[in-house]
Amino acid sequence: MLIEKGIRKESINNKDSFFVNITKRSKYNRSICVVRKKGPIPSLAEAQRIKKKLTDEVNREIGRREGQGKTWNEIINEWKQFHTLDDTNRFSPSTVIDYYSLLNKWTHQLKKKPINEIKRSDILQAINAIKVERSIKHTAKLKDAIKAVFNWSIEHQIAKGLNDDAVTGLSVSRKVMPRTEILNESQIIKLMSEALKQNHPWYEIWGLALFTGCRASEMRALKWPDIDFEQRILNVTKSICQKTNKVKETKTGESRSLPLNDEAIKLLNRLKPKTFNTDYVLPRLPDWEKGKQAQVLRTFCESIGIPSVCFHSLRACFVTQLLMNGVGLNVVQVMGGWRDTATMKHYNRLAGVEIKGATSSLTFLPKKE
């Protein structure tokens, strides 16, 4: 029989005995629940005294555990689950996967640490570790991931009194120049000649990348209706995320149209018998589906004795060849779908357009030479 909240009476051997049960859950962190029990107790007065004592104990324990907070490992798992189900699109599915992967790999030393005990020095240690082995881009992304988890934890009151002091003001330079791995014209011709000679399954894919400058994600999304053979135009309207395999907008969120020359049309005509009855223009090669396009190209380049470049370098080849052939910087920027003019200036320098012919007026050698 319940006498009052937390005190229950039972008859044992014809004698009344009392049992105290105090259960409390944290209002800041619902996973924190503390229980204290005592009994049998011979009198109600003593049970009431014990109830007060146990209530104080429970409140202290709740406060201690609220101050401690969940471990970093628990929080990043909950963060991932929340944003996987979140329909507000605060983070794209690929961003959630990227952030979670980086946090798992580069903050592993914090996994068992309560979030309230994580200090700025702990975060700097993780950032410095990734900076040694990975690019500035990855370093900046890890910082963003850590900050996202802290902000989410504060917003959802994961731990009492949690603030963002540990991450406020953390700064990582994002100035990253595009890859400078590139092939010159003769190397590009050798790449395509050897690929054709060996009937390489990637021949048409590499060729279309060189003639259009499309990103790998955009090329995977190309469908036959995107190609206007009459007007000789290729319309880039979407891309496919490598991680989720879902169709999405292009990287910049904008569509663009690209002119197709005779050789690009020739490549597309070669593809028709292979893929015209399927949804997509380009074949769905297993290595491409697994994201190994860079590895395949590097291996082939090495085998034919030209510089080893990654798949994205074909986009750089497209840009620099157009610039060297006199196509205007603004035209190339529109065709490639770049927003950042700094990137285009980098490619312009890489192509040597700005300095072409600059030394032609220098004549120092004697006439007989």
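Preceding this section is the structure that the text describes.
Residues numbered from 1 in each chain as written. Predicted model: local features only at pLDDT ≥ 70, side-chain atom pairs only at ≥ 80, totals over all residues. Heavy atoms only, no water.

## Looking at the nonpolar core
Of all hydrophobic cores here, the largest spans 52 residues; its most connected members are L191, W206, M219 and F311. With seven residues, helix α12 (residues 313-324) is the largest single contributor of residues to this core. Those residues within four positions of W206 in sequence are excluded, and the remaining contacts are L191, M192, A195, H200, V296, L297, F300, F311 and L314. One finds Y100, L103, I118 and I127 within the second-largest nonpolar core, a separate group that totals 28 residues. (Core = buried A, V, L, I, M, F, W, Y, C linked by side-chain atoms within 4.5 Å. Buried < 20%, exposed > 50% of the residue type's maximum accessible area, 1.4 Å probe, protein only. Helix = DSSP H or I, 4+ residues; strand = E, 2+ residues; numbered from the N terminus. Contact = heavy atoms within 4.5 Å.)

## What about the state of the cysteines?
All told, the structure shown has zero disulfides when counted by the stated rule. A disulfide-free cysteine, C301 has its sulfur positioned 8.9 Å from the sulfur of C317, the nearest such atom. Looking at C310, it has no disulfide partner, and the nearest cysteine sulfur is the one in C317, 9.5 Å off. (Disulfide = S-S within 2.5 Å.)

## Observations concerning the packing of helix α3 (residues 93-106) against helix α5 (residues 136-155)
The N-to-C vectors of α3 and α5 enclose an angle of 95°; their axes lie 9 Å apart at closest approach. One element, α3, and the other, α5, form an angle in the roughly perpendicular class. Residues D98, Y99, L102, L103 and W106 of α3 form the contact with α5, whose own contacting residues are H138, K141, L142, D144, A145, I146, A148 and V149. Taken together, the residues of the contact of α3 with α5 break down into nine nonpolar, one polar and three charged. (Axes fitted to C-alpha atoms, helices over the stretch in contact; angles between N-to-C directions. Parallel < 35°, antiparallel > 145°, perpendicular 65-115°, else oblique. Nonpolar A, V, L, I, M, F, W, Y, C, P; charged D, E, K, R; others polar.)

## Overview of the sheet that holds strand β4 (residues 33-41)
Strand order in this open sheet of four strands is β1-β2-β3-β4, and the pairing throughout is antiparallel. Each edge of the sheet is formed by a strand with only one pairing partner; in this case those strands are β1 (2-4) and β4. Strand after strand, the sheet turns through a mean of 25° between neighbouring axes, direction not considered. As paired strands, β1 and strand β2 (residues 7-12) are joined by two bridges and run antiparallel to one another. Residue E4 lies in a different strand from β2, and its bridge partner there is I7. (Pairing = 2+ DSSP bridges.)

## So, the packing of helix α6 (residues 185-197) against helix α7 (residues 203-212)
For any two helices packed against each other, one specifies the inter-axial angle together with the distance between the axes. α7 packs onto α6 with a crossing angle of 155° between their chain directions and a minimal axis gap of 9 Å. Between α6 and α7, the crossing angle belongs to the class labelled roughly antiparallel. Viewed along their axes, α6 and α7 form a crossing whose handedness is left-handed. Where α6 abuts α7, its residues I188, L191, M192, A195 and L196 lie against Y203, W206, G207 and L210. Here the residues of the contact of α6 with α7 are counted per class, giving eight nonpolar, one polar and no charged. (Left-handed = near helix turned anticlockwise from the far one by under 90°.)

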